[in-house]
Amino acid sequence: MVVAATAVTSYGCSPAPPPFKPIGDTKLRMQTVVDPSADVIWDFVNTIITAAGTEEIRPRTEAEWTAVRNSAVVLAESGNLMMIPARAKDGGEWMIRAQELVAAGEAAMRAAEAKNADRLFTVGGDIYDACSHCHQKYMQAIVNANK
């Protein structure tokens, strides 16, 4: 009988929340994690047009493709970090913008895994859009909160 009572009591309990310990504020995460990861993707897929001609910059080696893939994963997971309750600015648009970053990061990861430079170039625009959409609503509030 003691076993049955213990099982019923344990079943009704909720698990304790995870022991998250946020270290950096949103601005610091953007400066140290999101921006550098986006820059890796943007730096590896460029078209430079000058009077001398057109230069297509694309990942060429396995190490370059891996660096792009890794940065894409960091972007996607950064969107997930933005949705942790202690970090989420609100449950509405903030979550939509964070999910937009997750989707763009995942698309970049898939493009890198497929070694599809044209797709990666397009997704680079999606990453820019995800960042811009969030900044349009939240950038000034984040700057003011971190003063």
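About the criteria used
- Residues numbered from 1 in each chain as written.
- Predicted model: local features only at pLDDT ≥ 70, side-chain atom pairs only at ≥ 80, totals over all residues.
- Heavy atoms only, no water.
- Disulfide = S-S within 2.5 Å.
- Buried < 20%, exposed > 50% of the residue type's maximum accessible area, 1.4 Å probe, protein only.
- Salt bridge = Lys/Arg side-chain N within 4 Å of Asp/Glu carboxyl O.
- Helix = DSSP H or I, 4+ residues; strand = E, 2+ residues; numbered from the N terminus.
- Phe/Tyr/Trp six-rings, centres within 6.5 Å; stacked < 30°, edge-to-face > 60°.
- Lys NZ or Arg CZ within 6 Å of the ring centre and 35° of its normal.
- Axes fitted to C-alpha atoms, helices over the stretch in contact; angles between N-to-C directions.
- Left-handed = near helix turned anticlockwise from the far one by under 90°.
- Contact = heavy atoms within 4.5 Å.
- Nonpolar A, V, L, I, M, F, W, Y, C, P; charged D, E, K, R; others polar.
- Expected span 1.5 Å × (residues − 1).

A.B. asks: Help me out: how do you make sense of the state of the cysteines in this one?
C.D. replies: The bond known as a disulfide is covalent and runs between the sulfur atoms of two cysteines. Summed over the entire model, instances satisfying the criterion amount to 0 disulfides. Of all cysteine sulfurs in the structure, the one in cysteine 134 sits closest to cysteine 131, which takes part in no disulfide; the separation is 8.0 Å. Looking at cysteine 131, the relative accessible area reads 13%, which means it is buried.

A.B. asks: I would appreciate a short explanation of the pattern of salt bridges in the present structure.
C.D. replies: Pairs may arise between side chains of opposite charge once their charged atoms sit close together. Within this structure, the stated rule accounts for 7 salt bridges. A salt bridge links lysine 137 to glutamate 93, with the nearest nitrogen and oxygen atoms 3.8 Å apart. Here lysine 137, found in helix 5 (residues 117–145), pairs with glutamate 93, found in helix 4 (residues 93–113); they are 44 residues apart in sequence, far enough to count as distant. Put simply, Glu93, Arg97, Glu100 and Lys137 are held in one network by salt bridges that share partners.

A.B. asks: Could you clarify how one ought to interpret the packing of aromatic side chains in this entry?
C.D. replies: The description of two aromatic rings rests on the distance between their centres and on the angle between their planes. The final tally for this structure, using the stated rule, is 2 aromatic pairs. Ring centres 4.8 Å apart and planes at 85 degrees place the aromatic pair tryptophan 94 and tyrosine 138 in the edge-to-face group. Linking tryptophan 94 in helix 4 with tyrosine 138 in helix 5, this pair joins segments that are 44 residues apart in sequence. Taking the relative accessible area as the measure of exposure, tryptophan 94 reaches 0% and is therefore buried. Exposure remark for tyrosine 138: the relative accessible area of 7% places this residue in the buried category. Positioned over the ring face of tryptophan 94 is lysine 89, at 5.8 Å from the centre of the ring.

A.B. asks: Which parts of the structure should I look at to understand the packing of helix 2 (residues 26–44) against helix 3 (residues 62–82)?
C.D. replies: Angle between the axes and distance between the axes are the two parameters that describe a pair of packed helices. Orientation of helix 2 relative to helix 3, taken along the N-to-C sense of each, is 140 degrees, at an axis distance of 9 Å. Here helix 2 runs over helix 3; the crossing is left-handed. Of helix 3, the residues touching helix 2 (which contributes Met30, Val33, Val34, Ser37, Ala38, Val40, Ile41 and Phe44) are Glu64, Ala67, Val68, Ser71, Ala72, Val74, Leu75, Ser78 and Met82. Looking at the contact of helix 2 with helix 3 residue by residue, the classes come out as 13 nonpolar, 3 polar and 1 charged.

A.B. asks: It is not clear to me how helix 4 should be interpreted in this structure. Could you clarify?
C.D. replies: Note on helix geometry: an α-helix contains 3.6 residues per turn, so any two residues three or four positions apart are oriented the same way. Helix length check: helix 4 (21 residues) gives 30 Å between terminal C-alpha atoms against 30 Å at 1.5 Å per residue, within 8%. Just downstream of helix 4, lysine 115 is the residue with a positive phi angle, here 55 degrees.

A.B. asks: Any chance you could explain unusual backbone geometry here in plain terms?
C.D. replies: A negative phi holds for most residues other than glycine; trans holds for most peptide bonds. Notably, lysine 115 is not glycine yet its phi reads approximately 55 degrees, a positive angle. Within the secondary structure layout, lysine 115 lies in the loop between helix 4 and helix 5. Using a relative accessible area of 40% as the deciding quantity, one classes lysine 115 as partly exposed.

Remember, this is a structural readout, not a statement about activity or role.
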